[in-house]
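Fold and geometry: a report
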Amino acid sequence: MYGKLTVICGPMFAGKTTELLKRILWARNGENKNVLVLKTAFDNRYADTRVVSHNGLSADAKAIRRFADIADLSREAELVCLDEVQFFTGMDMDVVEFVSDLLHGGRDIVVAGLDTNWKGEPFPATALLMAMADEVIKLKAHCSVCGQPAYKSFKKLQDGREIVLGNSDIYEARCNQHWIAERIDRPQEIAAAHA
Ligand SMILES: [Zn+2]
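For every chain, the first residue of its written sequence is number 1, and the numbers climb from 1 along that sequence. Selection of residues for local features in this predicted model requires a pLDDT of at least 70, selection of side-chain atom pairs for listing and counting requires 80 or more, and totals for whole chains, interfaces and linings are taken over all residues. As a convention, hydrogens and water are excluded, and side-chain values are obtained from all of the structure's heavy atoms.

With respect to the overall build of the chain
Quick note on the threshold: Secondary structure elements are defined from DSSP: runs of H or I of at least 4 residues count as helices, runs of E of at least 2 residues count as strands, and each element is numbered from the N terminus. Working definition: with a 1.4 Å probe on protein chains only, accessible area under 20% of the residue-type maximum means buried, over 50% means exposed, and in between means partly exposed. Contacts are assigned to residue pairs that have any heavy atoms within 4.5 Å of one another. All accessible areas in this document rest on Shrake-Rupley with a 1.4 Å probe, and a residue is counted as covered only by the protein chains that are shown.
When helices and strands are tallied, the chain shows 6 helices and 12 strands. Looking at the 195 residues of the chain, the share that counts as buried comes to 47%. Here the analysis covers contacts within the chain between residues at least 6 apart in sequence; of these, 72% occur between residues at least 24 apart. Only carbon and sulfur atoms are counted for the fraction: they give 50% of the accessible area of the chain, which is about 9,900 Å².

Comments concerning the UniProt feature "binding site: Zn(2+)" (unreviewed entry) in the chain
Here is the rule: UniProt positions are given in the numbering used here, feature names are shortened, and annotations may be inferred rather than shown by experiment.
UniProt annotation of "binding site: Zn(2+)" (unreviewed entry) refers to C143, C146, C175 and H178 when read in the numbering used here. Sequence-wise these annotated residues cover 36 residues; spatially they are packed, their C-alpha atoms never more than 8.2 Å apart. Tracing the backbone through its elements, the reader meets C143 in the loop between β9 (141–142) and β10 (149–150). Contact partners of C143, with chain neighbours within four places excluded, come to Q148, A150, A173, R174, C175 and H178. Within the fold, C175 resides in the loop between β12 (171–174) and α5 (176–181). Look at C175 and you get buried, because its relative accessible area is 10%.

Thoughts on the side chain of K16
Rule in force here: We score Asp and Glu as negative and Lys and Arg as positive, and we do not count His or the chain ends. We count a salt bridge whenever a side-chain nitrogen from Lys or Arg sits within 4 Å of a carboxyl oxygen from Asp or Glu. Any pair of nitrogen or oxygen atoms within 3.5 Å is treated as a polar contact; in protein, a donor-acceptor pairing is required on top of that, and neighbouring residues in sequence qualify only through side-chain atoms on both sides.
By the secondary structure assignment, K16 is in helix α1 (residues 16–30). One buried charge, K16, has no salt-bridge partner; the nearest side chain with opposite charge is E84, at 5.8 Å. Within the structure, K16 has its side chain in polar contact with the backbone oxygen of P11 (distance 2.7 Å). Beyond its immediate sequence surroundings of up to four residues, K16 is in contact with I8, C9, G10, P11, A112, G113, L114 and L139.

Focus on the environment of D115
Position of D115 among the secondary structure elements: in the loop between β7 (108–114) and α4 (124–132). In contact with D115, other than residues within four places in its own chain, are C9, G10, P11, E121, P122, F123, T126, M130 and K138. Side chain to side chain, D115 and K138 meet in a polar contact 3.0 Å long.

What to know about the packing of helix α3 (residues 95–104) against α4
Stated formally: For helices, the axis comes from a line fit to the C-alpha atoms of the stretch in contact; other axes are also lines fit to C-alpha atoms, and the angle between any two N-to-C directions lies between 0 and 180 degrees. Should an angle fall under 35 degrees it is called roughly parallel, over 145 degrees roughly antiparallel, and 65 to 115 degrees roughly perpendicular, with every other angle called oblique. By definition, turning the near helix anticlockwise from the far helix through less than a right angle yields a left-handed crossing, and turning it clockwise yields a right-handed one. Amino acid classes used here: Ala, Val, Leu, Ile, Met, Phe, Trp, Tyr, Cys and Pro are nonpolar; Asp, Glu, Lys and Arg are charged; the rest, including Gly, are polar.
One way to put it is that α3 packs onto α4 with a least axis distance of 9 Å and a crossing angle of 25 degrees. Accordingly, the angle class assigned to the pair α3 and α4 is roughly parallel. For the pair α3 and α4, the crossing hand works out as right-handed. Note on element contacts: α4 touches α3 through A125, L128, L129 and M132, opposite V95, V96, V99, S100 and L103. Looking at the contact of α3 with α4 residue by residue, the classes come out as 8 nonpolar, 1 polar and no charged.

Concerning the nonpolar core
The test is simple: Joining through side-chain atoms within 4.5 Å is the link that ties buried Ala, Val, Leu, Ile, Met, Phe, Trp, Tyr and Cys residues into a set, and such a set is a nonpolar core.
Counting 25 residues, the largest nonpolar core has L5, L38, L82, V95 and I109 as its most contacted members. For this core, the secondary-structure elements that each account for two or more residues are β1 (5–10), β2 (35–40), β6 (79–82), α3, β7 and α4. Ranked by the residues each element gives to this core, the list is headed by α3, at 6 residues. Residues within four places of L82 in sequence aside, it is in contact with L20, L38, F88, V95, F98, I109, V110, V111 and A112.

Things to note about the UniProt feature "binding site: ATP" (unreviewed entry) in the chain
The UniProt entry lists G10, P11, M12, F13, A14, G15, K16, T17, D83, E84, V85 and Q86 under the feature "binding site: ATP" (unreviewed entry), expressed in the numbering used here. Looking at where G10 falls in the secondary structure, it is placed in strand β1. Overall, G10 belongs to the buried group, its relative accessible area being 0%. Excluding residues that lie within four positions of it along the chain, G10 makes contacts with K16, G113, L114, D115 and L139. Here G15 lies in the loop between β1 and α1. In this structure G15 comes out as partly exposed when scored by relative accessible area, which is 31%.

Below you can see the structure in the form of structure tokens.
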């Protein structure tokens, strides 16, 4: 038995968590499966022990700092779901290794997360899992400027930090043109390229 890996990715405000929650709720309530839902203890924007979408769907989850803490639970689960998979870093085990072990153990996995940061750079965990996945669902948002399909997360605040938790106060979704036109780090990048 080898499990199936599904990756739900895209920019912020694309409905990734909603898509994940639909699968969690169907597996739990429709198929009566033992579903383990994980988030990092680091991501506490919403309720600590629930995964909650922007539109109000929610499901029970475990907020963890170490994979060792849920080793038994993950062996019992038929489906393991990870929300905001790009945040599962600096833990006791690499998240890709964790997922790979569960797949080898016959568990199905669904992960949801950002594919790139606000600079357009891939998050390593999401990128690797996308390569390993049986199914990749790449969702789009709508550009906050023109309403066209948006595949990029745009950062409105100029604080230079890589990972900042936040929602519409800090980030918005942008189409490629409106993302590149006002990127806050772009003047320095262009200056560096011409130095
Ligand atoms: Zn646009």
